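Chain and residue survey
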Amino acid sequence: GENVEQHPSTLSVQEGDSAVIKCTYSDSASNYFPWYKQELGKRPQLIIDIRSNVGEKKDQRIAVTLNKTAKHFSLHITETQPEDSAVYFCAASIRGDRDDKIIFGKGTRLHILP
Amino acid sequence: DVKVTQSSRYLVKRTGEKVFLECVQDMDHENMFWYRQDPGLGLRLIYFSYDVKMKEKGDIPEGYSVSREKKERFSLILESASTNQTSMYLCASSLGLAGVGQFFGPGTRLTVL
């Protein structure tokens with residue numbers, strides 16, 4: 001089955017700098033990779049996702065890159081702001097197979113320092 | 001906007017009690033999921049359902065069961081609650097297969113005494 005490793009578990013970044021969170025996955029058949037942001041006391045929310053036929057996707061200050069050969073994908077946040085402080089979860093799943101499921105990483109707690 | 005609601009935000013139960021956690025979504029999503037979230041362990045899938053009356057075990061189904069009698073409602077049942085089931089429980093739904101674009105409920109913090 002799929003296994004997703006996420007690093008680092010905690011990350012502190014100066015406001016305005018960039019933050020990078022990395023995930024690796026084990027199942028080469030995985031083809032969908034979402035990222036969720038969970039603010040303190042709130043529900044996880046999908047912020048960006050990428051499919052395996054794409055190497056990079058960008059949405060304003062957030063970007064995700066995927067390296068299928070190395071089986072890793074990363075979240076990049078540029079020009080970080082205080083509201084970026086949250087826990088971020090990566091996940092991997094295999095689309096098209098009803099019996100398969102999405103597996104989450106353990107999360108990264110991002111602190112944006114003033 | 002997709003809305004996923006859970007019946008309670010906070011719940012306190014005693015060991016051995018039967019506990020029902022309800023989840024309702026209003027976007028006609030086929031797939032629904034139950035996770036528990038614990039510090040340092042992230043989100044772990046308990047059960048999911050891809051259709052009415054269908055259910056599949058996740059990674060940690062022991063001690064839990066589920067029910068999906070209607071498309072919009074997915075219930076998590078703790079047959080005999082134990083203290084190690086104290087956790088935050090999150091429900092989610094998605095339109096696509098394999099959890100593509102999941103929308104989460106607000107969570108239920110369950111404490112078992």
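Note that the coordinates shown come from a computational prediction; the quantities given were computed from them, not determined experimentally.

**Comments concerning the overall build of chain B**
Counting its regular elements, chain B contains zero helices and eleven strands. Going from the N terminus to the C terminus, chain B shows its helices and strands as β-β-β-β-β-β-β-β-β-β-β. The C-alpha radius of gyration computed for chain B amounts to 13 Å, which stays within 12% of the reference 13 Å derived for 113 residues, consistent with globular compactness. Across its three principal directions, the C-alpha atoms of chain B cover 35 × 25 × 25 Å. A buried classification covers 52% of the 113 residues belonging to chain B.

**Points about the state of the cysteines**
What is meant by a disulfide is a covalent connection between two cysteines, made through their sulfur atoms. Residue and element names in this part refer to chain A. Counting across every chain of the model gives two disulfides over all chains. Covalent S-S linkage joins Cys23 and Cys90, the inter-sulfur distance amounting to 1.9 Å. The sign of the S-S torsion, about -100°, decides the handedness of the disulfide formed by Cys23 and Cys90: left-handed. Highlighted residues: Cys23 in strand E3 (residues 19-25) and Cys90 in strand E9 (residues 86-92), separated in sequence by 67 residues. Judged by its relative accessible area of 0%, Cys90 is buried.

**Examining unusual backbone geometry**
With an omega of -5°, the peptide bond between His7 of chain A and Pro8 of chain A qualifies as cis. Mapped onto the secondary structure, Pro8 of chain A falls in the loop between strand E1 (4-7) and strand E2 (10-14). Of note in the backbone geometry, Gln60 of chain A takes a positive phi value of approximately 60° without being a glycine. Examined against the element boundaries, Gln60 of chain A turns out to sit in the loop between strand E6 (56-59) and strand E7 (62-67). Not every positive phi belongs to a glycine, and Lys53 of chain B is a case in point at roughly 65°. Assignment of secondary structure puts Lys53 of chain B in the loop between strand E5 (42-49) and strand E6 (56-57).

**Some remarks on the pairing of E6 of chain A**
Residues and elements named next belong to chain A. Note that E6 and E7 share four bridges and pair antiparallel. Paired with Asp59 across the bridge in E7 is Ile62. Where E6 folds back onto E7 in an antiparallel hairpin, the turn is made up of two residues, including Gln60, whose phi is positive at roughly 60°.

**Some remarks on the side chain of Ser74 of chain A**
Its place among the elements puts Ser74 of chain A in strand E8 (residues 72-77). Setting aside residues up to four positions removed in sequence, Ser74 of chain A forms contacts with Val20, Ile21, Lys22, Trp35, Ala63, Val64 and Thr65 of chain A.

**Some thoughts on the interface of chain B and chain A**
The interface of chain B with chain A comprises 26 residues on the first partner and 22 residues on the second. Carbon and sulfur atoms supply 59% of the area buried between chain B and chain A, which totals about 2,000 Å² over both sides. Scanning the region where chain B abuts chain A turns up zero salt bridges. One can count four residue pairs in polar contact (both at pLDDT 80 or more) joining chain B with chain A. It is E5 of chain B that provides the largest number of residues to the side of chain B that touches chain A, a total of four residues. The residue makeup of the side of chain B that touches chain A, split by class, is 13 nonpolar, eight polar and five charged.

**What to know about the environment of Thr108 of chain B**
Residue and element names in this part refer to chain B. Looking at the element boundaries, Thr108 is found in strand E11 (residues 108-112). Beyond its immediate chain neighbours, meaning those up to four positions away, Thr108 contacts Gln6, Ser8, Arg9, Leu11, Leu21, Ser87, Met88 and Tyr89. A distance of 3.3 Å separates polar atoms of two side chains, one belonging to Thr108 and the other to Gln6.

Rules behind the numbers
- Residues numbered from 1 in each chain as written.
- Chains lettered and ligands numbered in written order.
- Predicted model: local features only at pLDDT ≥ 70, side-chain atom pairs only at ≥ 80, totals over all residues.
- Heavy atoms only, no water.
- Helix = DSSP H or I, 4+ residues; strand = E, 2+ residues; numbered from the N terminus.
- Rg over C-alpha atoms; globule rule 2.2 N^0.38 Å.
- Buried < 20%, exposed > 50% of the residue type's maximum accessible area, 1.4 Å probe, protein only.
- Disulfide = S-S within 2.5 Å.
- Pairing = 2+ DSSP bridges.
- Contact = heavy atoms within 4.5 Å.
- Buried area = accessible area lost by both parts, 1.4 Å probe.
- Salt bridge = Lys/Arg side-chain N within 4 Å of Asp/Glu carboxyl O.
- Polar contact = N/O pair within 3.5 Å; in protein donor to acceptor, adjacent residues only side chain to side chain.
- Nonpolar A, V, L, I, M, F, W, Y, C, P; charged D, E, K, R; others polar.

Function cannot be read off these values alone, since they describe shape.
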